Amino acid sequence: MVRTAGLENLRVGCMIDVFSGSAHESDAKDFDTRGIVFAAEKRP
Amino acid sequence: MTETFAPVDVERLRSEVKLKYRDVATNPERGFHFHVGRPLAEMLDYPMDVVDALPPRVVESFAGVNNPFSMGELRPGESVLDIGSGAGFDSLLAAQMVGPEGHVTGVDMTPEMRDKARANASLVGLGNVEFVDGLAENLPLPDASVDVVISNGAINLCPDKLAVYREIARVLKPGGRLQIADVVVQKPLPDDAVADIDLWTG
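Let us look at the structure shown here. Quantities reported herein were computed from a predicted structural model and do not represent experimental measurements.

To continue, consider the overall build of chain A. When its secondary structure is counted, chain A shows one helix and two strands. Going from N to C terminus, chain A has its helices and strands arranged as β-α-β. Its C-alpha atoms put chain A at 45 × 15 × 10 Å along the principal axes. For chain A, the residues scored as buried account for 27% of the 44 residues in total.

Pairing is mixed across the open sheet formed by seven strands, whose spatial order is 1(A)-2(A)-5(B)-4(B)-1(B)-2(B)-3(B). The two strands at the open ends of the sheet, each matched to only one other strand, are strand 1 (7-16) of chain A together with strand 3 (129-133) of chain B. Within the sheet, the average angular offset between the axes of one strand and its neighbour, ignoring direction, is 20°. Judged from the five bridges that link them, strand 2 (residues 103-108) of chain B and strand 3 of chain B form a sheet pairing that is parallel. Looking at the pairing, Gly-106 of chain B lines up with Phe-131 of chain B of strand 3 of chain B. Where helix 5 (residues 89-98) of chain B meets the sheet, its contacts fall on strand 1 (79-83), strand 2, strand 3 and strand 4 (146-152) of chain B, and the angle it forms with strand 2 of chain B comes to roughly 170°. Across the sheet, helix 7 (residues 161-171) of chain B lies against strand 1 and strand 2 (33-42) of chain A together with strand 1, strand 4 and strand 5 (172-185) of chain B, angled at about 155° from strand 5 of chain B, the strand it touches most.

We now examine the interface of chain A and chain B. Across the contact, 30 residues belong to chain A and 38 residues belong to chain B. Those elements that place two or more of their residues in the side of chain A that touches chain B are strand 1 and strand 2 of chain A. In terms of residue count, the dominant contributor to the side of chain A that touches chain B is strand 2 of chain A (ten residues). In terms of residue class, the side of chain A that touches chain B is made up of 16 nonpolar, seven polar and seven charged. Pairing geometry for strand 2 of chain A and strand 5 of chain B, over nine bridges, is antiparallel. The partner of Glu-41 of chain A across the bridge, within strand 5 of chain B, is Arg-177 of chain B.

Residue and element names in this part refer to chain B. In terms of residue burial, strand 1 counts as a mostly covered element, since five of its five residues are buried. Residues Ser-79, Leu-81 and Ile-83 of strand 1 are buried on one face, and the alternating residues Val-80 and Asp-82, pointing to the opposite face, are buried as well. The pairing of strand 1 with strand 2 spans five bridges and is parallel. Across the sheet, residue Val-80 finds its bridge partner in strand 2, namely Val-104. For the crossover from strand 1 across helix 5 to strand 2, the handedness is right-handed. Sheet analysis places strand 1 next to strand 4, joined by four bridges and oriented parallel. Residue Ile-83 lies in a different strand from strand 4, and its bridge partner there is Ser-151.

The nonpolar side chains of soluble globular proteins are, as a tendency, buried together. Residue and element names in this part refer to chain B. Within the largest apolar cluster, 63 residues are counted, with the highest numbers of intra-cluster contacts made by Phe-62, Val-80, Ala-94, Val-149, Ile-168 and Leu-178. By residue number, the principal contributor to this core is helix 5, which donates six residues. Leaving out residues up to four positions away in the same chain, Ala-94 has contacts with Leu-74, Val-80, Asp-82, Val-104 and Ile-150.

Reading the values: rules and limits
- Residues numbered from 1 in each chain as written.
- Chains lettered and ligands numbered in written order.
- Predicted model: local features only at pLDDT ≥ 70, side-chain atom pairs only at ≥ 80, totals over all residues.
- Helix = DSSP H or I, 4+ residues; strand = E, 2+ residues; numbered from the N terminus.
- Buried ≥ 20, exposed ≤ 12 C-beta atoms within 10 Å, placed from the backbone.
- Pairing = 2+ DSSP bridges.
- Axes fitted to C-alpha atoms, helices over the stretch in contact; angles between N-to-C directions.
- Contact = placed C-beta atoms within 7 Å.
- Nonpolar A, V, L, I, M, F, W, Y, C, P; charged D, E, K, R; others polar.
- Right-handed = clockwise from strand over helix to strand, strands pointing away.
- Core = buried A, V, L, I, M, F, W, Y, C linked by C-beta atoms within 7 Å.

Set out below in structure tokens:
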């Protein structure tokens, strides 16, 4: 989707189990939900 | 993935998101289905010396899902857009990084979050940041106007994600970059879960 929008050089950082210990943990585990971070650039 | 527009009632989804995040802004200690505040910032590996230098009310309504600054620090003088800026935690950190020659625009559709973000900016004494009303799918900024787009836990709440990324591409200057934190699900979602607004808003 990022590339489809015209962005490039996609880099993905760490994933975090951000819902661990929260009330949303059960739903998050059901779908293996994570907090992700990524970067990309617009062509110069 | 070819379908980018989720099968939900868009207006109802936005209304529910606003209600949820109104509570996060005005009553952050209430307890939510997701983490908020200082414990969350620590979990996401924000530098706690920087976080603890902020007044507690600047941090208490933070509701991100990762750390967009982990993909690279912002440079002095850069112009930054924060999509779904909430109570302004990331925007204010960005404003500190870009300094007085830089500028940060936070866009958020929840009035109580924008009000709190403006109050937080005043509390910290930062004049290089503003908070405006808007939707991620229709950003209130000109073409090619920002160096960096950041966002933290907001795009997953948008029903048309491709429209969001097209808007990001539109507002970025050539050579500009995005640093986005968001939620991913690594198992297929059944149709009833995709259509369940309670699951969208947590």
